[in-house]
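What follows is each chain in one-letter form.
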Amino acid sequence: MSAIKLIASDIDGTILHPDGRITERTVAAFQAARAAGLEIVFVTGRPFRWLTPIQEAFGKLGTVICSNGALVYDLETDRILESRTLTGTTVAEVRRRILRLESAARFAAETPLGLYLEPGFVEPEESDLLEGIEPGLLPMDRLEAEGTVKLLAKLGTTTSEAFRKAVYPEVSDLVAVTHSAPGVALLEMSRPDVNKAVALEQFARQLGLTREHVAAFGDMPNDLEMLSWAGLGCAMGSGHKLAKKAAAAVTGTLEDDGVAQMIERILDGAAPGEGREDDGGLGRKAQAP
């Protein structure tokens, strides 16, 4: 634990509650880690435009690896540091192959300059997510010019696991495929060389750090590579069974402030299974349900 010099954390379901809340204990733990000299990086599937909860809770604290590793954003200067994008031609071909399998699928494309949604991608009750965006056919000319950091495919008749199982063999030569949204069949696709671990490893290397210096936190399948790569990969007790299987340790749940629990242990120099009495079941590798 004393070797940890970088804390990397997913956002949704890991430190951010469904109601948009990040607890005071969690905020205090990250601030204490930064005050102790540890580096902080948030690693999320979110686009950089949707970082308001992080900015409200932490201000300019840390860099954010967005879009599952396809884009790196500097909170201090409010600018994109790096992006890895799909071409418009690739987006069009992936869309064509998926529609051949599932004609009811709907798509969205996120670029460094905007978000493009097909009609039907957002349900009427989710209209607040549009933020002034007018749904329409994906503009392949714009996607070619801007580059797509993440292509999304949504299907209302199945689960994310089943959707990915059907789609992946057909598109794996063109894109990486993952998912992170509970309760909806929503696939997230990016360049084959893009995932959270790749971006995190590069970020750590730039700081002169290796995987042994990194503690990473996550809860969903889009966190698997990151949790496996980090020297201390920690899955949320409330997380997906695959995240727990990939991690070296399982924290308390989101409701238990599991990330704060582990950061407090790191700062105390305690092993993952030692320390405080209020740790809500925190311990070494737990069996996934």
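Below or above, wherever it landed, is the structure these notes cover. Computed from a predicted model, the values in this text were never measured in an experiment. (Residues numbered from 1 in each chain as written. Predicted model: local features only at pLDDT ≥ 70, side-chain atom pairs only at ≥ 80, totals over all residues. Heavy atoms only, no water.)

**Regarding the layout of surface pockets**
Counted only if it meets this: Definitions used throughout: a 1 Å grid over protein atoms alone; a cavity as a set of points that fits a 1.4 Å probe which cannot get out; a pocket as an open set with protein on both sides within 12 Å along at least five of seven lines; a lining residue as one with an atom within 4 Å of a point. Grid points are joined across faces, edges and corners, and a volume is the space filled by probe spheres set on the points. What counts as a helix is a DSSP run of H or I of at least four residues, what counts as a strand is a run of E of at least two, and both are numbered from the N terminus. When residues are sorted by character, Ala, Val, Leu, Ile, Met, Phe, Trp, Tyr, Cys and Pro go into the nonpolar class, Asp, Glu, Lys and Arg into the charged class, and all the rest, Gly among them, into the polar class.
Approximately 300 Å³ is the volume attributed to the second largest pocket. For the lining of the second largest pocket, the elements supplying multiple residues, two or more each, are α5 (160-171), β9 (176-178), β10 (185-190) and α7 (224-229). Residue classes in the lining of the second largest pocket are distributed as nine nonpolar, six polar and four charged.

**Quick notes on unusual backbone geometry**
In this model, Ser67 sits at a positive phi of 50°, which is unusual for a non-glycine residue. Topologically, Ser67 is positioned in the loop between β3 (63-66) and β4 (71-74). With a phi close to 60°, Asn68 is a non-glycine residue in the positive phi region. With respect to the helices, strands and loops of the structure, Asn68 is situated in the loop between β3 and β4.

**Topic: the pairing of strand β8 (residues 150-155)**
On a regular strand, one side chain projects to one face of the sheet and the next to the other, so that they alternate. Formally: The buried label applies to any residue whose accessible area, calculated with a 1.4 Å probe on protein chains only, is under 20% of its type's maximum; exposed applies above 50%, and partly exposed to all values in between. Two strands qualify as a pair provided that DSSP identifies no fewer than 2 bridges between them.
Where burial is concerned, most of β8 is hidden: six out of the six residues are buried. The two faces of β8 match: Lys150, Leu152 and Lys154 on one face and Leu151, Ala153 and Leu155 on the other face are all buried. Across five bridges, the pairing between strand β6 (residues 106-110) and β8 is antiparallel. Its bridge partner being in β8, Arg106 is matched across the sheet by Lys154. Bridging between β8 and β10 involves five bridges; their strand directions are antiparallel.

**Quick look at the packing of helix α3 (residues 88-101) against α5**
The criterion, for reference: Helix axes are fitted only over the stretch in contact, all axes being lines through C-alpha atoms; the angle between N-to-C directions runs from 0 to 180 degrees. Any angle from 65 to 115 degrees is called roughly perpendicular, while one under 35 is roughly parallel, one over 145 is roughly antiparallel, and all others are oblique. Take the far helix as your reference; a near helix turned counterclockwise from it by less than a right angle gives a left-handed crossing, and one turned clockwise gives a right-handed crossing. In this analysis, two residues are considered to be in contact whenever any of their non-hydrogen atoms come within 4.5 Å of each other.
Relative to each other, α3 and α5 sit at 130°, their axes nearing to 10 Å. When the interaxial angle is binned, α3 and α5 end up oblique. In this structure, α3 meets α5 at a crossing whose hand is right-handed. Where α3 abuts α5, its residues Val94, Arg97, Ile98, Arg100 and Leu101 lie against Phe163, Ala166, Val167, Glu170 and Val171. The residue inventory of the contact of α3 with α5, partitioned by class, reads seven nonpolar, no polar and three charged.

**A closer look at the packing of aromatic side chains**
Under the convention used in this document: The pairing test for Phe, Tyr and Trp rings, Trp by its six-membered ring, is centres within 6.5 Å, and the orientation test on the planes gives stacked under 30 degrees, edge-to-face over 60, and tilted for anything in between.
For the coordinates displayed, the defined rule picks out four aromatic pairs. A ring pair is formed by Phe30 and Phe58, whose centres lie 5.3 Å apart and whose planes are at 70°; its orientation type is edge-to-face. Taken together, the residues span a long stretch of sequence, with Phe30 in helix α1 (residues 24-35) and Phe58 in helix α2 (residues 52-58) at a distance of 28 residues. Taking relative accessible area as the criterion, Phe30 reaches 0% and is therefore assigned buried. When the centroid spacing of 4.9 Å and the interplanar angle of 20° are considered together, the rings of Phe48 and Tyr73 count as stacked. In this pair, Phe48 sits in the loop between β2 (39-43) and α2 while Tyr73 sits in strand β4, placing the two residues 25 residues apart along the sequence. Looking at Phe48, the relative accessible area reads 17%, which means it is buried. According to the relative accessible area criterion, Tyr73 is buried, its value standing at 8%.

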